[in-house]
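Single-letter residue listing:
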Amino acid sequence: MTDALLTIAGLKKRFGGVTAVDDVDMVVPRGAVMGLMGPNGAGKTSLVNLVTGFYRPDEGSVLLDGREVAGLSPHQISRRGITRTYQNVRLLSGFNVLEQVVAGMYASRKASSLSSLVMWPAERRERRACLERADELLTRVGVTERHELAENLPYGTQRRVEIARALATDPQLVLLDEPTAGMNREESVAVGELICSMRDQGCTVLVVEHNMRLILDYCDQAYVMSFGQVLSHGTPQECVDDPAVQKAYFGKENDASGIPALRELRSDPRRP
Amino acid sequence: MDVLAQQILNGLALGSVYAVFGVGFGLMLATLGVLNAAHGTFATWGALTVLYLVNDVGLGFWPALVLGVLVSGVMAVIVDFVAFQPIRRRGGDLLPALITSIGVWIFLLAAARMVTGATTSRYSPDAAPSGSFDFLGLTLGRTQLVSLLAVAVVGVGLHTLLHRTRVGAAMRAVGHSPMAASLGGVNPVLVVAVTAFLSGAVAGLAGITMGLNTSTVNFMLGEALLLKGFAAVIIGGFGDVRGTVVGGLLIGVAEVLTAQYVSGSLRDAVTFGLLLAFLVFRPRGLFGSAASMQTVRA
Amino acid sequence: MGGFWDQYRSVVEFAMANALFALGSWIAMWAGVFSMAGATFGAVGGFSAAYLDLHMGAGIVVQLLVGAGLGLGVAALLSVLLLKLESHWMAMATVALVLITRVVVLSAEEYTGGSVGTGVTRRVDLVTVIALVALVCYALARLRRSRYGMAAHAVREDAAVAAALGVNPFTVRAVAFAASGLVAGVAGVVLANLLQYIGPDTFFITLAFTMVAAMVLGGTYHWAGPIVGAIVFVGLPEVVRSYVDGVDELMTGALLVLIMVFMPRGLIDPRRQWFRRRASQPVAQEPAPQPEVVR
Ligand SMILES: Nc1ncnc2c1ncn2[C@@H]1O[C@H](COP(=O)(O)OP(=O)(O)OP(=O)(O)O)[C@@H](O)[C@H]1O
Ligand SMILES: [Mg+2]
C-alpha cells in the first residue's frame, strides 16, 4: 500500500444545529489525486476549512504525514505544506497577476525585508528569482497575463491564477475547492491536465468537484459526502455506481439511470 | 455619610446628561452603523438654539427646549442624508462614514464658533430653571431635576419604542440589514430618517441640559459630551438603551466620587480608564449581547 | 519664489509634520489596522523631545532617535493589548487610548508640565522635515513589494487568505502597528519643535482625527496618499484664508465630505488606470464565462 499523506479521523464540526462535518474518516495517499463529491451543503468546503485550519474542529484529528495539524493556525498549517484554493475565488485585490503568485512565496523568501531598504543585492536577486518563478508557474497553469490587475481578468483565468498562487507555497498537499466552477468544457479539461501534472511533480491533490466528468477522468480515488458524512469511497467509477450515491444526488435510485448525463458518464470508457 | 449621599445624587444628575447623550450617539452607532464624530455638535447646536431663543427672542424656556430639540433632530437628518447615506448605499463600513463625520464635525464646530464668536454665554437671569430644593434631606438643583427627568423620559421612551412598536422593530432591523427592514413593510428610507432624527434630537436634549447644569453655553459644549457619551455607550453595552443609561449614570457617579474623594484631576482618568478596560477586556460592555456587535461589524 | 517661501514656509512645515502623522496611520492601515493611536505615540515623541530639550539640551538627532525608539516601544507593547480586538473595536480602543493620553499628560506634570504645558526650543528646519518625510517615503517605496510589504497588503485585503499562504496575520499587524508608532513618534518630535510649545491638547482628538482624515482623503492604497492628503488638508485652508477670511474650516469640512462621497478610495488610487504601468501584454479577448452563482 502507498503510505497516507493525510489521515482524517473522527472529524466533526457543528454550526448551531447543523453538523456540517459529522464524524468523517478519510485517507489521502501520498501522490494521489483524490476526488471529493457530494450534493450542495454536504460539507465539502467545511472539510477543506477544517483541514486548512480555517475552522477549528470540535472533535477528531487531522494528521499530515503522521503529525497532528488539527488545532494549528492556518499559517502554521500552510507552512507544514497544506494549501488551498477557494470555491469563490479569493485573489488579493490590488496585486497584479505576477504579484498574486509572488505573494504565495512568503514563507520561502529568506532575505529580510529591511535589507530591501539598502537595496541589498541578495534581496534584489531573490525578488527577481521570485518573479521568474511566478512567471514559470503562470505559464504552467496557462495564464498569459502578467501585469494586469487580477481582479480584471475573466473568472476562469482568476481560478488558474489562484492555483498558481497555491503552487507557489511549495505544498505537499493541495486542496482545490471546485476548481472548474464557472469554466467551460475546454477549460475544465485543461484544469484536469494541470491536476495530473501537479501529481506528476510530487504534489498530492484533493479536489472538490461537482463536475463528475473531471472526477471520473482525472482522479485515482474519490470520496462522496452527504449531510456531513462519508457516503461512499472507492474508485470514481465505484462511487458513481454506488446506489447510495445516486440516491443522495437524484433522490430515487431508479431515476439515476434515466438521467442522460449520468448514463453518458457511465458508458464513457475511463481514461488510463 | 450625607456628603456621600449628596455626591451620589450629584453624580447621578451629571451621569444622566452623559446617559441621554449616549443613548442618541449609541442609536446612531448601533442602528445606522456610524461612529459619528459630529454627534457632539448636534448637542452644541441644540443648546445654542435654546440660548438664542430664550435670551434674544424672549421665548419661554420650555417652548425653546422643544424647538432646540427639533433643530438638533433635523440637523441629524440632513447630515445623515448628505454625509452618511451615500456611503451606506455603497455598502461602505465604519471607516468612510467616520471620515465624513469628521468632515461634518469640522464644519459644524467651525460654524458654531463663528456664530458665537468663540465666547461663552449665560442664560438671562430667571429665564431658565434655577435654584434648588430639598429632596429627602439632600439638595437637588432644579437643573439637576431636569436632567434626571430627561434620562427617565428618553430611556423609557426609546426602549419602549425600540422593543414594543413596529417602527422600533424596523429601526433595529435596519441596523442588521436594510433589506430585512423593508420586508417588514416599513419604508427603509423613512426608518433611517426617523432613527437619525431621534438620535440627533436626544443629543440636542443632552446638550440643552448640559448647558443648564453648567449654566454656560459655548461652541465646545458638545465635545466633552461626545467623549463621555462614547464611554457610556461602550461601558453600558452597545446597542442597548438600558445599558447605555446605566453606563452613563455609572460614569457620572464615578467622576463625582473621584473628584470628591481622590482628586479632581483624575475625573477623566476614571472614565477613560474604564472605557479602555471595557473595550479591551469586555467589548460587549455590561449589557450588550454578542449579536448587537454584529451591526457594526457588518 | 522667495516670496512664496516666506509666506508659506510654516504652512509647508506643518503640512509635512501632518504628513508624517498621516504616514504613521497609513503604515498601520497597510496591514489593515485602522488606528488613531498616532496621537498617543506623537505625545510620547513630543514630550520626550521637550524633556530632552529642557533638561539635557539634547540636539534634534538625539530627540528624533529617542522619539522613534519610544514610539516604537510603546506601540509594540500596546499592540499585544489591542491587536486581538476585532477591527472596529480596535479602532474605538485607539480613540480611548488618545483620550487617556491627555489624562496621563495632565497628571505626569513633572515630565510634561501638566495643564500648563511645556516649551520647546525649535531645532528643526524645513529641510529636516522634508528630509524625514522623504526618508519614510523611500522606505515605504522600497518595502512595497518586499516580503513584508506584500504580506502586509495581503493581510489587509484578506487576512484568511494571507494566513493560508503562510503569513501570520498577527505578527504582520503587530509589526505594522509598531512601525506606525515609530513614525508617529518622530512626527511628535517634529511637531513639538515646530510649535515650540506643547500641552495636553496638542496631541489630542483633533490631531487624531486630522491624521486619519488626511490619510483617507489622500487614499489608503498607496503611501503617497497620506502625503497628498496632508498637503490638501493643511494647505488648502491656508490658500482659502488668503482670499476669504473665516470660512477655511467650513471649506475643509465640506471638502472632506465631498471627497469621501465622490472619491471613496481617496485622491491617490493605484487602481486608477493612469497610475498603473501599461500592461505588457494585451488581454486575451476570450469571452469571460460568467461565474456560476454558488451560494
Ligand atoms: N461558517 C458557517 N456557519 C454556519 N454554517 C455553516 C458555516 N459553514 C458551513 N455551514 C453549513 O454547513 C453545511 C455544509 O456547508 P459546506 O459549505 O461545507 O457545503 P459544501 O459541500 O461545500 O456545499 P457546496 O457544494 O454548495 O459548496 C451547510 O449547511 C452550511 O450552511
Ligand atoms: Mg462548497
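Definitions and cut-offs
Residues numbered from 1 in each chain as written. Chains lettered and ligands numbered in written order. Predicted model: local features only at pLDDT ≥ 70, side-chain atom pairs only at ≥ 80, totals over all residues. Heavy atoms only, no water. Pairing = 2+ DSSP bridges. Helix = DSSP H or I, 4+ residues; strand = E, 2+ residues; numbered from the N terminus. Contact = heavy atoms within 4.5 Å. Axes fitted to C-alpha atoms, helices over the stretch in contact; angles between N-to-C directions. Near = heavy atom within 4 Å. Polar contact = N/O pair within 3.5 Å; in protein donor to acceptor, adjacent residues only side chain to side chain. Areas by Shrake-Rupley, 256 points an atom, 1.4 Å probe, with all protein chains shown as cover. Buried area = accessible area lost by both parts, 1.4 Å probe. Salt bridge = Lys/Arg side-chain N within 4 Å of Asp/Glu carboxyl O. Domains from an automatic or database assignment. Donors = N, O, S within 2.8 Å, 3.2 Å for Na, K, Ca; no water. Buried < 20%, exposed > 50% of the residue type's maximum accessible area, 1.4 Å probe, protein only.

1. Examining the sheet that holds strand β4 (residues 59–64) of chain A
Residues and elements named next belong to chain A.
In step 1: Reading across from one edge, β2-β1-β4-β5 is the order of the four strands in this open sheet, with antiparallel pairing throughout. At either end of the open sheet lies a strand with only one pairing partner, and these are β2 (18–29) and β5 (67–68).
In step 2: The sheet contact formed by β4 and β5 spans two bridges and is antiparallel. In the strand pairing of β5, Leu-64 is matched with Arg-67.
In step 3: With respect to the sheet, helix α1 (residues 44–51) is in contact with β1 (4–15), β2 and β4, its orientation differing from that of β1 by roughly 115 degrees.

2. Here we look at the site of ligand 1
In step 1: Taken together, 15 residues sit near ligand 1, with A:Asn40, A:Lys44, A:Thr45, A:Ser46 and A:Gln87 positioned nearest.
In step 2: Around ligand 1, the neighbouring residues derive from chains A and C rather than from a single chain.
In step 3: Contacts to ligand 1 include A:Ala42, whose backbone N or O atom sits 3.1 Å from an oxygen atom.
In step 4: In isolation ligand 1 exposes 640 Å². Once the protein is present, 73% of that is buried.
In step 5: Looking at the shell around ligand 1, the elements that each hand over two or more residues are β2 and α1 of chain A.
In step 6: It is α1(A) that contributes the most residues to the shell around ligand 1, three residues altogether.

3. As for the interface of chain B and chain C
In step 1: At the interface, 40 residues of chain B touch 37 residues of chain C.
In step 2: On the chain B side of the contact with chain C, B:Ile99, B:Leu276 and B:Val280 bury the most area, a combined 15% of that side's loss.
In step 3: Seen at the junction of chain B and chain C, the total is one salt bridge.
In step 4: Between C:Glu249 and B:Arg113 there is a salt bridge; the shortest N-O distance is 2.4 Å.
In step 5: Along the contact surface separating chain B from chain C lie four residue pairs in polar contact (both at pLDDT 80 or more).
In step 6: Among the secondary structure elements, those contributing two or more residues to the side of chain B that touches chain C are α3 (61–89), α4 (94–116), α9 (221–236), α11 (267–281) and α12 (290–297) of chain B.

4. Things to note about the side chain of B:Glu255
Residue and element names in this part refer to chain B.
In step 1: Structurally, the position occupied by Glu-255 is in helix α10 (residues 241–261).
In step 2: Here the side chain of Glu-255 touches Thr-271 through a polar contact of 2.6 Å, side chain to side chain.
In step 3: With residues near it in sequence (within four places) discarded, Glu-255 still touches Leu-14, Tyr-18, Lys-228, Arg-267, Asp-268 and Thr-271.

5. Brief notes about the domain arrangement of chain A
Residues and elements named next belong to chain A.
In step 1: The assigned domain composition of chain A is domain 1 (1–81 + 172–252) and domain 2 (90–170).
In step 2: Taking only C-alpha atoms, the centre of domain 1 and the centre of domain 2 are 26 Å apart.
In step 3: Facing the 16 residues of domain 1 at the interface are 13 residues of domain 2.
In step 4: Approximately 1,200 Å² of surface area, both sides summed, lies buried where domain 1 meets domain 2, with 63% of it carried by carbon and sulfur atoms.

6. What about the coordination of the magnesium ion (ligand 2)?
Residue and element names in this part refer to chain A.
In step 1: Only Thr-45 (OG1) and Gln-87 (OE1) from the protein coordinate the magnesium ion (ligand 2), and they sit 1.8 to 2.1 Å from it. Of this pair, Thr-45 sits in helix α1 while Gln-87 sits in the loop between β6 (82–84) and α3 (97–103), placing them 42 residues apart in sequence.
In step 2: For Thr-45, a relative accessible area of 25% puts it in the partly exposed group.

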